[in-house]
Amino acid sequence: MFTGIIEAVGNISAIIRNNDDISMVINTNRLDISDVKLGDSIASNGVCLTVSKLTPTGFVADLSTETLKRTAFHSYHVGQKINLEKAMLPTTRFGGHIVSGHVDGIGDIIELKRKGRTLDMWITVPIHLKKFVSEKGSVCIDGTSLTVNAVYQNVIKLTIIPHTLANTTLANATIDQKVNIEADMMARYLERLISIDKQESKKNTNVSMSLLEKHGFIV
């Protein structure tokens, strides 16, 4: 589990291809990994990666075909900068929102506008995620916890503040860049609960109608 508050910006130093999947070597730069063990999780551009090996300058993670298919990692290259966050502890200050590191979809940056020291950013959201984003709600973009300032159909507008620009990869964002999107977990589970309630209600109604017909109460 993560908070979406980026701790450091690392970079990919090597990509090793193993048939269909890959292993990725990531330099963590100023991220302190002295307490990281094999099997621990590190959010890398919003994707929860398992540390399979520790190196003098970072870690190695294995990415399955499923991860490559569902995230922007399939388009990454050696030298690419990566937002990093270690898994949260029970004592961690909760400054962002609940982030699982399980990407829901890939978006595209379609517009960027500087406004003073901030950056306005417009990102397309996959159709199936539209229902999970709302004005002033939370969304995770490349591992960064952000507030949605406006929603236009399947496009969201974000305003990136100076601190976030200085401490994440978003400062180097470009138009047409693909980003990993994770919807707010609370919205995702709420939608699931509502859909199940509707299904159960419909099922119970159908059963009740059948019973009424069986006993001759409906002609």
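Note that the structure is a prediction, hence the values are computed from the model and not measured.

Turning our attention to the overall build of the protein chain. Scanning the protein chain from terminus to terminus reveals three helices and 12 strands. Counting all 219 residues of the protein chain, 43% fall into the buried class. Considering only intrachain contacts with a sequence separation of at least 6, the fraction spanning at least 24 residues in the protein chain is 68%. Total accessible area on the protein chain is roughly 12,300 Å²; 54% of this is exposed by carbon and sulfur atoms.

Moving on, we get to the sheet that holds strand 6 (residues 81-86). Taken together, the six strands give a closed barrel; going around it, the order is 1-2-5-4-3-6, and neighbouring strands pair in antiparallel fashion. Geometrically, the sheet is characterised by an average inter-axis angle of 45° between neighbouring strands, direction not taken into account. In this sheet, strand 4 (residues 47-55) lies alongside strand 3 (residues 41-44) in antiparallel orientation, the contact comprising four bridges. Paired with alanine 43 across the strands is cysteine 48, a residue of strand 4.

What follows covers the sheet that holds strand 8 (residues 118-124). Read once around its circumference, the closed barrel built from six strands follows the order 7-8-11-10-9-12, with strand pairing classed as antiparallel. Pairs of neighbouring strands in the sheet enclose a mean axial angle of 45°, with direction left out of account. By the bridge criterion, four bridges tie strand 10 (residues 144-152) to strand 11 (residues 155-160) in an arrangement that is antiparallel. Each residue of the ladder has a partner; that of valine 148, found in strand 11, is leucine 158.

This part is about the nonpolar core. Membership of the largest hydrophobic core comes to 22 residues, with the highest contact counts inside it found for Met24, Leu49, Leu63 and Phe73. Every element with two or more residues in this core is listed here: strand 1 (8-18), strand 2 (21-27), strand 4, strand 5 (58-63) and strand 6. In contact with phenylalanine 73, not counting residues within four places along its chain, are Met24, Ser44, Asn45, Val47, Leu49, Leu63, Leu68, Ile82 and Asn180.

This part covers the pattern of salt bridges. Scanning all chains against the criterion turns up seven salt bridges. The partner of glutamate 66 in a salt bridge is lysine 69, with the nearest N and O atoms 3.6 Å apart. Of the two residues, glutamate 66 and lysine 69 are both situated in helix 1 (residues 65-70); the distance of three residues between them amounts to about one turn of the helix. A relative accessible area of 37% means that glutamate 66 is categorised as partly exposed. Across the pair lysine 115 and aspartate 120 runs a salt bridge whose closest N-O atoms are separated by 3.2 Å. Sharing partners across several salt bridges, the network here consists of Glu66, Lys69 and Arg70.

Turning our attention to unusual backbone geometry. With a phi angle near 50°, asparagine 45 is a residue other than glycine that sits in the positive phi range. Checked against the element boundaries, asparagine 45 lands in the loop between strand 3 and strand 4. On the accessibility criterion, asparagine 45 (1% relative accessible area) is buried. Within the chain, glutamine 153 stands out as a residue other than glycine whose phi angle is a positive 55°.

Under the defined criterion, the tally for this structure stands at one aromatic pair. With centroids separated by 4.5 Å and ring planes inclined at 45°, the aromatic side chains of phenylalanine 73 and tyrosine 76 adopt a geometry described as tilted. Tyrosine 76 sits in the buried class, given a relative accessible area of 8%.

Analysis parameters
- Residues numbered from 1 in each chain as written.
- Predicted model: local features only at pLDDT ≥ 70, side-chain atom pairs only at ≥ 80, totals over all residues.
- Heavy atoms only, no water.
- Helix = DSSP H or I, 4+ residues; strand = E, 2+ residues; numbered from the N terminus.
- Buried < 20%, exposed > 50% of the residue type's maximum accessible area, 1.4 Å probe, protein only.
- Contact = heavy atoms within 4.5 Å.
- Areas by Shrake-Rupley, 256 points an atom, 1.4 Å probe, with all protein chains shown as cover.
- Pairing = 2+ DSSP bridges.
- Axes fitted to C-alpha atoms, helices over the stretch in contact; angles between N-to-C directions.
- Core = buried A, V, L, I, M, F, W, Y, C linked by side-chain atoms within 4.5 Å.
- Salt bridge = Lys/Arg side-chain N within 4 Å of Asp/Glu carboxyl O.
- Phe/Tyr/Trp six-rings, centres within 6.5 Å; stacked < 30°, edge-to-face > 60°.

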